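Summary of structural features
Okay, here's what each chain looks like letter by letter:
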Amino acid sequence: MAVRTTRLKKSNHFPRLAKKSNKVTSNPDKSYNCIAYAVGRTDKKIWPSHHPDHYWPPGIDRGNGDDLAGLLNLFASHGYVRCVDAAYVEGVEKVAIYTLASGRPTHAARQIGANRWASKLGEWYDIEHSEKAVSGGDYGEIAIFMQRQRPA
Amino acid sequence: MSFIDHSDSPVSSRFHTGIARLESGGSQRATKIFVDPQNDILMGMPFAVDQTVSEFKKHKRKWLKDTRHLSSPIDRYMHPSYVRIIGLGAPVLKIILRDLKAEQNDWFYALRYIAGTDPVKPSMAGDIDQMTKAWIKWGEDHGFI
């Protein structure tokens, strides 16, 4: 199916999203969210909250439900460990976790190249974007980077 | 303002009922009135006609526009328009269920609160197709669809 929109415009939601810094790679899809996409799933919405509408893998501590702890545990279960920055390293896969100033998580993105990241925007599009493109608005800022060896 | 005569259903031999409909600012309000054909309108009783539908559509549109890019359940379900739709209460259940069936919008939180039940099993969590089917079946079983 052809993707109807090719680039997103800057908005109040994404004040740093220059058109040249992003590329839409899918049509909107309500089946999965950013966390699912970051861990490679497109069949469920994943979130650590206690809302029964979201999947959470059994055996993973979800923390308090809407803080970083649950997401750190989830990514750790996929082999990620915390790292210091977004520098691209061949053979290494990184994720960025975004939070509001309060520390509440809002989003996660997966690195796909040098200053290239892949995100699922809620129930909306999958996009590729530069490191800062989706921060500064509703997602807050990147709070944590994690990395693992890129799976073969 | 328009007036629809419902004179086939008089509330008494003296009064006829009717509906006065006023549209203003995108909302619609109707008032049931009792008319004495010999005199003026005697009494009006305000009630909503299609107001639940119009409120739902208005707030659904705003909610989708404002939250389609968000994943956090707090941000999505605590949006003022989503809360407003929950506040419409039982009259909006049928509307939500039809919307869920047609568009699979994320009404699961609202449905739980309004209906006071949850037909979604824990094993269905996060699977929008299964969750939708569970609620549609519940709606059918309870005569909403």
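Our subject is the structure listed above.
Below is a summary of the structure that appears in this document.

**Observations regarding the overall build of chain B**
Secondary structure assignment for chain B yields six helices and four strands. In chain B, the succession of helices and strands from N to C terminus is β-β-β-β-α-α-α-α-α-α. Of the roughly 7900 Å² of accessible surface on chain B, a fraction of 54% belongs to carbon and sulfur atoms.

**Re the nonpolar core**
Residues B:Phe56, B:Tyr82, B:Ile96, B:Trp107, B:Leu111 and B:Trp135 are the most contacted members of the largest nonpolar core, which totals 27 residues. Put simply, the parts of the chain that give this core at least two residues each are helix H1 (51-67), helix H3 (80-87), helix H4 (93-103), helix H5 (108-115) and helix H6 (128-141) of chain B. At six residues, the largest contribution of residues to this core is made by H6(B). Those residues in contact with B:Phe56 that lie beyond four places of it in its chain are B:Ile85, B:Leu88, B:Val92, B:Ile95, B:Ile96, B:Asp99 and B:Trp107. Grouped together as the second largest cluster of nonpolar side chains are 24 residues, A:Ile60, A:Leu71, A:Ile144 and A:Met146 included.

**A short note on the layout of surface pockets**
The calculated volume of the largest pocket comes to roughly 170 Å³. The wall of the largest pocket is formed by A:Pro28, A:Asp29, A:Lys30, A:Glu123, A:Trp124, A:Tyr125, B:Leu64, B:Arg68 and B:Asn105. A per-class count over the lining of the largest pocket returns four nonpolar, one polar and four charged.

**As for the packing of H1(B) against H4(B)**
Residue and element names in this part refer to chain B. With their axes 11 Å apart at the nearest point, H1 and H4 run at an angle of 45° to one another. When the axis of H1 is compared with that of H4, the two are oblique. In the crossing of H1 with H4, the sense of the turn from one axis to the other is right-handed. Facing Thr52, Val53, Phe56 and Lys60 of H1, the residues of H4 in contact are Ile95, Ile96, Asp99 and Glu103. Its residues placed into classes, the contact of H1 with H4 shows four nonpolar, one polar and three charged.

**Digging into the sheet that holds strand E4 (residues 105-113) of chain A**
Residue and element names in this part refer to chain A. The seven strands are arranged E1-E6-E5-E4-E3-E7-E2 in an open sheet whose pairing can be described as antiparallel. Of all strands in the sheet, those bounded by a partner on one side alone are strand E1 (22-24) and strand E2 (81-83). Averaged over all neighbouring strand pairs, the angle between strand axes comes to 30°, with direction disregarded. Bridging between E4 and strand E5 (residues 116-120) involves three bridges; their strand directions are antiparallel. If you follow Gly113 over to E5, its bridge partner there is Arg116. Lying over the sheet, helix H2 (residues 68-77) contacts E2, strand E3 (92-99), E4 and strand E7 (141-149), oriented at roughly 170° with respect to E3.

Rules used throughout
- Residues numbered from 1 in each chain as written.
- Chains lettered and ligands numbered in written order.
- Predicted model: local features only at pLDDT ≥ 70, side-chain atom pairs only at ≥ 80, totals over all residues.
- Heavy atoms only, no water.
- Helix = DSSP H or I, 4+ residues; strand = E, 2+ residues; numbered from the N terminus.
- Areas by Shrake-Rupley, 256 points an atom, 1.4 Å probe, with all protein chains shown as cover.
- Core = buried A, V, L, I, M, F, W, Y, C linked by side-chain atoms within 4.5 Å.
- Buried < 20%, exposed > 50% of the residue type's maximum accessible area, 1.4 Å probe, protein only.
- Contact = heavy atoms within 4.5 Å.
- 1 Å grid on protein atoms, 1.4 Å probe; cavity = no way out; pocket = protein on both sides within 12 Å on 5 of 7 lines; lining within 4 Å.
- Points joined across faces, edges and corners; volume = space filled by probe spheres on them.
- Nonpolar A, V, L, I, M, F, W, Y, C, P; charged D, E, K, R; others polar.
- Axes fitted to C-alpha atoms, helices over the stretch in contact; angles between N-to-C directions.
- Parallel < 35°, antiparallel > 145°, perpendicular 65-115°, else oblique.
- Left-handed = near helix turned anticlockwise from the far one by under 90°.
- Pairing = 2+ DSSP bridges.

Such coordinate-based values are descriptive only and should not be taken to indicate function.
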